[in-house]
Amino acid sequence: MSATSVNEIIDNFGSKTKFYDQYSRIQKLSGQMLLERIPDLNFQRVLDLGCGTGFFIPNLQELARQVTCLDASEQMIGFVKAHYPTVDTILGNFDDLDNYVKSNYDLIVSNYSLQWSQNLPKLFASIPRCSTKKAMFAFAFPVEGSLSELKQAFRAIGEDGFINEFYTEAQVKQYLADAKLNNYSVSVTTETVRLVYPGVLDVLRSISKVGAYTNTNEKREHRLSKKIIRDLVQYTQKNSEKANVFNISWKICFIIGTRV
Ligand SMILES: C[S@@+](CC[C@H](N)C(=O)[O-])C[C@H]1O[C@@H](n2cnc3c(N)ncnc32)[C@H](O)[C@@H]1O
């Protein structure tokens, strides 16, 4: 990932707060899959990292007595405050958790946000300091292998760098090992989810409408132009197996940590 400023990433998300829930198809699916992996253990306090609009707050409220939502976007946090007045909020950067969070959570969750972390090793290493002695964490985020069809289509028209690099599963495992979470039993699994869109434009639109369009790829040499989009549409229409079908794969990494 390039050193794109976190401000650019969160401004882009913030600007789409109103549309987010309407277009966050993969995020909702992933959140559901993540919730299925969290046992009902009568949690006291849950912390949601990169909460966005807080779509899963009602589910988190069933799991824990108190929900705290952290996001670096003022608009996202404003949305959460307006819609869920009983929830605690923290306007903060999850790459700098020690500055924002006290150690009193027995559940830390994050859905479809940590791919934007610019320092995943530091974030993982901060977990014990944010947690109570008996705590668990549950994260889901896309890793390398995601959006491969879109990447391939860009390459086929001679363009590179328009799709962000994701952390690889091996990197995630290495960062977790480096974080020395000795008191936790940690499982890392991946699942590939395939979504069907009518065409490549719908995919680009869905990424744009949730604000997830900040380009952090150092290989990109120029901006996305109308010509590139036209070439992309033409290429995908010519090369798709079925008319009006464009498949998109997301490889989602699920990390579940339980304190032993
Ligand atoms: C794709 S949204 C996911 C929102 C929500 N968790 C969901 O499942 O719908 C990613 C969120 O992460 C937030 N975010 C990105 N980088 C962040 C950072 N460094 N610190 C805190 N929040 C961040 C964005 O503002 C955005 O709200």
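Presented here is a report on the structure given in the accompanying data block. Every value quoted in this text rests on a predicted model; they were computed, and no experiment measured them.

Cut-offs and rules
- Residues numbered from 1 in each chain as written.
- Predicted model: local features only at pLDDT ≥ 70, side-chain atom pairs only at ≥ 80, totals over all residues.
- Core = buried A, V, L, I, M, F, W, Y, C linked by C-beta atoms within 7 Å.
- Buried ≥ 20, exposed ≤ 12 C-beta atoms within 10 Å, placed from the backbone.
- Helix = DSSP H or I, 4+ residues; strand = E, 2+ residues; numbered from the N terminus.
- Pairing = 2+ DSSP bridges.
- Right-handed = clockwise from strand over helix to strand, strands pointing away.
- Near = placed C-beta within 6 Å.
- Nonpolar A, V, L, I, M, F, W, Y, C, P; charged D, E, K, R; others polar.
- Axes fitted to C-alpha atoms, helices over the stretch in contact; angles between N-to-C directions.
- Contact = placed C-beta atoms within 7 Å.
- Arc of directions from axis to C-beta.

### Considering the nonpolar core
And then number 1: Counting residues in each nonpolar core, the largest one holds 62 residues, and the members touching the most others are Val-46, Leu-47, Leu-107 and Ile-108.
And then number 2: The dominant element in this core, judged by the number of residues it contributes, is strand 5 (residues 131-142), at seven residues.

### Description of the pairing of strand 5
And then number 1: Most of strand 5 is tucked away: nine of the twelve residues are buried.
And then number 2: Looking at chain direction, strand 4 (residues 105-111) and strand 5 are connected through six bridges and run parallel. Bridge pairing in strand 5 links Ile-108 to Phe-137.
And then number 3: Each parallel crossover has a hand, and the one from strand 4 via helix 7 (residues 120-130) to strand 5 is right-handed.
And then number 4: As judged from the seven bridges shared by strand 5 and strand 8 (residues 246-259), these two strands associate in the antiparallel manner. When the bridges of strand 8 are listed, Pro-142 appears paired with Ile-252.

### Comments concerning the site of the ligand
And then number 1: Around the ligand, the surrounding shell holds 23 residues, and the nearest of these are Gly-50, Gly-52, Ala-72, Ser-73 and Ser-113.
And then number 2: Listing elements by their share of the shell around the ligand, those giving two or more residues are helix 1 (6-14) and helix 3 (25-36).
And then number 3: The element contributing the most residues to the shell around the ligand is helix 1, with four residues.
And then number 4: Per-class residue counts for the shell around the ligand are twelve nonpolar, nine polar and two charged.

### Structural notes on the sheet that holds strand 5
And then number 1: The strand order 3-2-1-4-5-8-7 describes an open sheet built from seven strands, whose pairing is mixed. Among the strands making up the open sheet, the edge pair consists of strand 3 (88-91) and strand 7 (184-197). Each strand axis lies, on average, 15 degrees off the axis of its neighbour in the sheet, ignoring direction.
And then number 2: Where strand 1 (residues 43-49) and strand 2 (residues 64-71) come together, six bridges link them in parallel fashion. By the bridge assignment, Val-46 is partnered in strand 2 with Val-67.
And then number 3: The strands touched by helix 5 (residues 74-83) are strand 2 and strand 3; relative to strand 3, the strand with the most contacts, the crossing angle is about 170 degrees.
And then number 4: Across the sheet, helix 7 is in contact with strand 1, strand 4 and strand 5; its angle to strand 5 comes to roughly 150 degrees.

### A few points about the environment of Pro-142
And then number 1: By the element assignment, Pro-142 lies in strand 5.
And then number 2: The exposure class of Pro-142 is buried, given the 24 C-beta atoms found within 10 Å.
And then number 3: In this structure Pro-142 touches Gln-115, Phe-166, Trp-250, Lys-251 and Ile-252, once residues within four positions along its chain are discounted.

### Regarding helix 1
Working note: α-helix, 3.6 residues per turn, so residues spaced by three or four point in the same direction.
And then number 1: Of all the positions in helix 1, only Ile-10, Phe-13 and Gly-14 are classed as buried. Angularly, the buried residues of helix 1 cover 100 degrees about the axis, an arc narrow enough to put them on a single face.
And then number 2: Looking at the buried side of helix 1, the elements it contacts are helix 2 (17-23) and helix 5.

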